[in-house]
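Residues per chain, in single letters:
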Amino acid sequence: MTTYYRVQGSKDPIVNLLDVAREDGWVADDESAETQPVGIPCCDSLAHLADYIRTYSMRILPGDVVVEMVGVYCADDRDQYATRIRVESIAATHPLSVLCVRDGYDRCPCCMR
């Protein structure tokens, strides 16, 4: 098993990540909930999560956290930097400041400076 990361909104209980069959919050125009790849979308490193946030202009809201999960690979995700996993356990939650990687980036994804 490997460690993965994702930003989890404050209104979506973290325990929901353990349900691999749960519907994703967003479905592409050319997909349906039934045709989406199985698994929880996430990134394989904090650096890739920061890249994902920047690439897709992910809106970070107050109360959002970074969830560190241990899981098993299910499928590639259509988004760059992302994959899908079956979450086996929640290892930790972190404040968004764990993504504060100002070196080498134009804008930090957690504080947007």
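Since the model is a prediction, treat every value here as computed from it, not as a measurement. (Residues numbered from 1 in each chain as written. Predicted model: local features only at pLDDT ≥ 70, side-chain atom pairs only at ≥ 80, totals over all residues. Heavy atoms only, no water.)

Draft legend 1. View of the overall build of the chain. For the chain, the count of helices and strands is one helix and four strands. For the chain, the sequential pattern of α-helices and β-strands runs β-β-α-β-β. Split into buried and exposed, the 113 residues of the chain put 34% on the buried side. Within the chain, residue pairs in contact and separated by at least 24 positions form 65% of the contacts whose partners lie at least 6 positions apart. For the chain, the computed accessible surface area is about 6,600 Å², with 50% contributed by carbon and sulfur atoms. (Helix = DSSP H or I, 4+ residues; strand = E, 2+ residues; numbered from the N terminus. Buried < 20%, exposed > 50% of the residue type's maximum accessible area, 1.4 Å probe, protein only. Contact = heavy atoms within 4.5 Å. Areas by Shrake-Rupley, 256 points an atom, 1.4 Å probe, with all protein chains shown as cover.)

Draft legend 2. Structural context of the pattern of salt bridges. Inspection of the entire model under this criterion finds three salt bridges. We note a salt bridge from Asp77 to Arg84, for which the minimum N-O separation is 2.8 Å. Across the pair Arg86 and Glu88 runs a salt bridge, and its minimum N-O distance is 2.6 Å. Taking the relative accessible area as the measure of exposure, Glu88 reaches 36% and is therefore partly exposed. (Salt bridge = Lys/Arg side-chain N within 4 Å of Asp/Glu carboxyl O.)

Draft legend 3. Focus on helix H1 (residues 46–55). Three or more residues of H1 are buried, namely Leu49, Ala50, Asp51, Tyr52 and Ile53. For H1, the secondary structure elements touched by its buried residues are strand S1 (2–8) and strand S3 (65–76).

Draft legend 4. Highlighting the packing of aromatic side chains. Scanning the model with the defined rule gives one aromatic pair in all. Taken together, a centroid distance of 4.8 Å and an interplanar angle of 40° make the contact between Tyr52 and Tyr56 tilted. Classification of Tyr56 as partly exposed rests on a relative accessible area of 35%. (Phe/Tyr/Trp six-rings, centres within 6.5 Å; stacked < 30°, edge-to-face > 60°.)

Draft legend 5. Spatial organisation of the nonpolar core. Core analysis: the biggest nonpolar cluster contains ten residues, these being Tyr5, Val7, Cys43, Leu49, Tyr52, Ile53, Val66, Ala82, Leu96 and Leu99. Put simply, the parts of the chain that give this core at least two residues each are S1 and H1. When residues in this core are grouped by element, the largest group, three residues, is from H1. With eight residues, the next largest nonpolar core counts Tyr4, Leu17, Ile40 and Cys42 among its residues. (Core = buried A, V, L, I, M, F, W, Y, C linked by side-chain atoms within 4.5 Å.)

Draft legend 6. Quick look at the environment of Arg54. Here Arg54 shows up in helix H1. Of the residues examined, Arg54 reaches a relative accessible area of 26% and is grouped as partly exposed. A polar side-chain atom of Arg54 sits 2.8 Å from a polar atom in the side chain of Asp51. (Polar contact = N/O pair within 3.5 Å; in protein donor to acceptor, adjacent residues only side chain to side chain.)

Draft legend 7. Summary view of the sheet that holds S3. Overall, antiparallel pairing links the four strands, which are arranged S1-S3-S4-S2 in an open sheet. Because the sheet does not close on itself, it has two edges, and the strands there are S1 and strand S2 (40–42). Within the sheet, the average angular offset between the axes of one strand and its neighbour, ignoring direction, is 50°. As paired elements, S1 and S3 share seven bridges and run antiparallel to each other. Residue pairing for S3: Thr3 is matched across the bridge by Val70. (Pairing = 2+ DSSP bridges. Axes fitted to C-alpha atoms, helices over the stretch in contact; angles between N-to-C directions.)

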